[in-house]
Amino acid sequence: MVRNGKSFNMLDWDEAIKKTADLIEKSKEKTAGIVSPFHTNESNYLLGLMMKNTLGFLPHITGEEITYPTGFRISADRSPNLRGMNDVCGKLEEDLSSIIKTRDICGLYILDDGVDRELDDRWKDILARMDFVIVQSYSMTDLTKLAHIVLPGLAPLEREGTMTNDRGRIQWLRPSLPVMGESKPDWKILSWIRKAMNKDEQDFTEINEVMKEMGEVFPAYKGLSFFRIGPHGLSLNGKASG
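Computed from a predicted model, the values in this text were never measured in an experiment. The written sequence of each chain sets the order in which its residues are numbered from 1. Predicted model: local features are reported for residues with pLDDT of at least 70 only, side-chain atom pairs are reported and counted for 80 or more only, and whole-chain, interface and lining totals are derived from all residues. Hydrogens and water molecules were not included; the side-chain quantities draw on all heavy atoms of the structure.

Chemist: Give me the pairing of strand β8 (residues 132-137): which residues, what numbers.
Modeler: Only protein chains enter the accessibility calculation, which uses a 1.4 Å probe; a residue is then buried when its area is under 20% of its type maximum, exposed when over 50%, and partly exposed in between. Labels follow the DSSP assignment, with helices taken as runs of H or I lasting at least four residues and strands as runs of E lasting at least two, numbered in each case from the N terminus. Taken across its 6 residues, β8 has 6 buried, putting it largely inside the fold. Neither face of β8 is open: one carries F132, I134 and Q136, the other V133, V135 and S137, and all of them are buried. Relative to β8, strand β7 (residues 107-111) runs parallel, the two being bridged by 5 bridges. Bridge pairing links G107 to F132 in β8. Strand pairing is defined by DSSP finding a minimum of two bridges between the two strands.

Chemist: Please set out helix α5 (residues 121-129) residue by residue, giving values where relevant.
Modeler: Residues lying three or four places apart along an α-helix face the same way, a consequence of the helix completing one turn every 3.6 residues. For α5, every residue scored as buried is listed here: W123, I126 and L127. For α5, the arc enclosing every buried residue in end-on projection is 95 degrees, short of the 170-degree limit, so these residues lie on one face. Exposed and facing more than 90 degrees away from the buried side of α5 are D121 and A128. Pairs of residues are marked as contacts when any of their non-hydrogen atoms sit within 4.5 Å. Looking at the buried residues of α5, the elements they touch are β3 (31-35), β4 (55-57), α4 (96-102), β7 and β8. Each direction from the helix axis to a C-beta atom contributes to the arc, which is the arc of those directions.

Chemist: Summarise the pattern of salt bridges; cite the residues concerned and give the values.
Modeler: Where charged atoms from two side chains of opposite charge approach closely, those side chains can pair. Each reported salt bridge corresponds to a side-chain nitrogen of Lys or Arg within 4 Å of a carboxyl oxygen of Asp or Glu. Applying the stated criterion across every chain yields a total of 10 salt bridges. Taking the shortest distance from any N to any O, the salt bridge between E93 and R103 comes out at 3.4 Å. You can see E93 sitting in the loop between α3 (82-88) and α4 and its partner R103 sitting in the loop between α4 and β7, a full 10 residues away along the chain. When the shortest N-O distance is used, the salt bridge between D142 and K145 registers 3.9 Å. Overall, the relative accessible area of 44% leaves K145 in the partly exposed class. Within the structure, one salt-bridge network assembled from shared partners comprises E65, R73 and D166.

Chemist: Can you tell me about the pairing of β3, naming the residues and giving the values?
Modeler: Counting buried residues in β3 gives 5 out of 5 residues, a clear majority hidden from the surface. Burial of the side chains of β3 extends over both faces: T31, G33 and V35 are buried on one face and A32 and I34 on the other. Pairing analysis gives 4 bridges linking β3 to β7, with the strands arranged parallel. Note that in β7 the partner of G33 across the bridge is Y109. Sheet analysis places β3 next to β4, joined by 3 bridges and oriented parallel. Considered in β4, the bridge of G33 is made with L55. A crossover links β3 with its parallel partner β4, the connecting element being helix α2 (residues 41-50), and its sense is right-handed. Viewed with both strands pointing away, a crossover whose connecting path from the first strand over the helix to the second turns clockwise is right-handed.

In structure tokens, the structure reads:
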């Protein structure tokens, strides 16, 4: 979807990918990527490749850590993939607001996590400074409503990929619901845009191809496959978790 005043016009995927790639290219490397601890390692990795000069993240969502008598634990970090996001994205800017000013960033590409969080004044200021905001999301959050282009990705229960919990255990995220409407896998959308921006880039057709390349860049993830991870997960030390 592309903004038209206070509403959005629908585009087919070819048009949406072209408009997105054109905006990013015209910014001449002045677009920052915003990765998400709610997205898979593969999607975060690909956005990191696209926006390797400047990468940031939305405010973390935290709570109290809870451990039940059975040993079941709910981490204080309420996002499922903060460890993985930090592992596969390279350098993430802690003070994004300052970086945006010093590097004259004019656009954002955001992997929205679908959480309707209240944005603080710092983030409101960042968004107000942008010439354009591209949001990849499955939900019309307050952040998505501010976008110039919205790219419909998959909901969490429709996704497949990997996540890494706060104890370094890689888990296989498997879809439990069929994909609805015209939404596409988030990693595939990112792969299309990379290809549209540079025809020499690899066009990933399977998520296993993304996992393989990710492992070549980040050795802790080398040799990963859904078969190796299995239903119980795999620790970054290579041992299966029970």
